[in-house]
Amino acid sequence: QVQLVESGGGLVQPGGSLRLSCAASGSIFCINTMAWYRQAPGKQRELVATITPGGSTNYADSVKGRFTISRDNARNTVYLQMNSLKPEDTAVHYCYARLTTDWNSPFRDSWGQGTQVTVSS
């Protein structure tokens, strides 16, 4: 069994910062891409940022220059540092990992349960 557990969400004022963490645990052999997605009420889930095992990153245009994704491969953990937060960043944020549980199994998608980020004065 593999679990992705997010933490760090909450309520913050516009212009504030939050840092999300997501730790993958269980029977993990290898993790490829890790990412953060988010879903606002009434909207589809959207990609926020991705990071490869080597540290290459990609961001949605809406968060470039404000958010930073990073990872600790030794701890199977991915982070999202969110600065200059705006009300439109309000959403449930989900952790994602493309992983395999042993050398002979295909990679598969794994998701966390989500953590709420609310930006409001």
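The structure we're discussing is the one just above.
Keep in mind that what you see is a predicted model, and the values were worked out from it rather than measured.

### Brief notes about unusual backbone geometry
(1) Moving on: In the Ramachandran plot, N76 falls in the positive-phi region, its phi being about 50° despite a non-glycine side chain.
(2) Moving on: Relative to the helices and strands, N76 is located in the loop between β7 (67-72) and β8 (77-82).
(3) Moving on: For S84, which is not glycine, the phi torsion reads 50° and is therefore positive.
(4) Moving on: As for its position among the elements, S84 is in the loop between β8 and β9 (91-100).

### As for the sheet that holds β7
(1) Moving on: Spatial ordering of the open sheet is given by β1-β3-β8-β7, a layout of 4 strands whose pairing is antiparallel. With one partner strand each, in any of the chains shown, β1 (2-7) and β7 form the two edges of the open sheet. Pairwise comparison of adjacent strand axes, ignoring direction, gives a mean angle of 15° for this sheet.

### Looking at the pattern of salt bridges
A side chain of one charge can pair with a side chain of the opposite charge when the charged atoms of the two come close.
(1) Moving on: Summed over the entire model, instances satisfying the criterion amount to 6 salt bridges.
(2) Moving on: For R38, the salt bridge is made with D89, and the minimal N-O distance between the two is 2.9 Å. One end of the pair, R38, is in strand β4 (residues 30-39); the other, D89, is in the loop between β8 and β9, with 51 residues separating them in the sequence.
(3) Moving on: Here R38 falls in the buried class, since its relative accessible area comes to 4%.
(4) Moving on: Salt bridges here are not isolated pairs; linked through shared partners, they connect R38, E46, R66 and D89.

### Things to note about the nonpolar core
(1) Moving on: In terms of nonpolar packing, the biggest core is built from 27 residues, with L4, W36, I69, V78, L80 and M82 touching the most fellow members.
(2) Moving on: Looking at this core, the element that brings in the most residues is strand β3 (residues 18-26), giving 4 residues.
(3) Moving on: With near-sequence residues (within four places) excluded, V78 lies in contact with L20, S21, C22, M34, W36, I51, I69, S70, R71 and C95.

### Brief notes about the pairing of β7
(1) Moving on: Pairing between β7 and β8: 6 bridges, direction antiparallel. From the neighbouring strand, S70 faces β8, where its bridge partner is Y79.
(2) Moving on: The hairpin turn running from β7 into β8, its antiparallel successor, is 4 residues long, and N76 in that turn takes a positive phi close to 50°.

### Let's talk about the packing of aromatic side chains
(1) Moving on: One pass over the structure, following the stated rule, counts 3 aromatic pairs.
(2) Moving on: Among the aromatic residues, ring-to-ring pairing joins Y37, Y96 and W111 into one connected group.
(3) Moving on: The ring of W111 has R45 lying over it, and the distance from NZ or CZ to the ring centre is 4.7 Å.

### Considering the environment of G54
(1) Moving on: Tracing the chain through its elements places G54 in the loop between β5 (46-51) and β6 (57-59).
(2) Moving on: With 22 residues separating them along the chain, G54 and N32 place their C-alpha atoms 9.3 Å apart.

### Section: the side chain of T100
(1) Moving on: Mapping T100 onto the fold places it in strand β9.
(2) Moving on: Within the local environment of T100, its side chain forms a polar contact with the backbone oxygen of S105, the two atoms lying 2.8 Å apart.
(3) Moving on: If near-sequence neighbours (up to four positions away) are discounted, T100 is found in contact with I28, F29, C30, S105, P106 and F107.

What counts and what doesn't
- Residues numbered from 1 in each chain as written.
- Predicted model: local features only at pLDDT ≥ 70, side-chain atom pairs only at ≥ 80, totals over all residues.
- Heavy atoms only, no water.
- Helix = DSSP H or I, 4+ residues; strand = E, 2+ residues; numbered from the N terminus.
- Pairing = 2+ DSSP bridges.
- Axes fitted to C-alpha atoms, helices over the stretch in contact; angles between N-to-C directions.
- Salt bridge = Lys/Arg side-chain N within 4 Å of Asp/Glu carboxyl O.
- Buried < 20%, exposed > 50% of the residue type's maximum accessible area, 1.4 Å probe, protein only.
- Core = buried A, V, L, I, M, F, W, Y, C linked by side-chain atoms within 4.5 Å.
- Contact = heavy atoms within 4.5 Å.
- Phe/Tyr/Trp six-rings, centres within 6.5 Å; stacked < 30°, edge-to-face > 60°.
- Lys NZ or Arg CZ within 6 Å of the ring centre and 35° of its normal.
- Polar contact = N/O pair within 3.5 Å; in protein donor to acceptor, adjacent residues only side chain to side chain.

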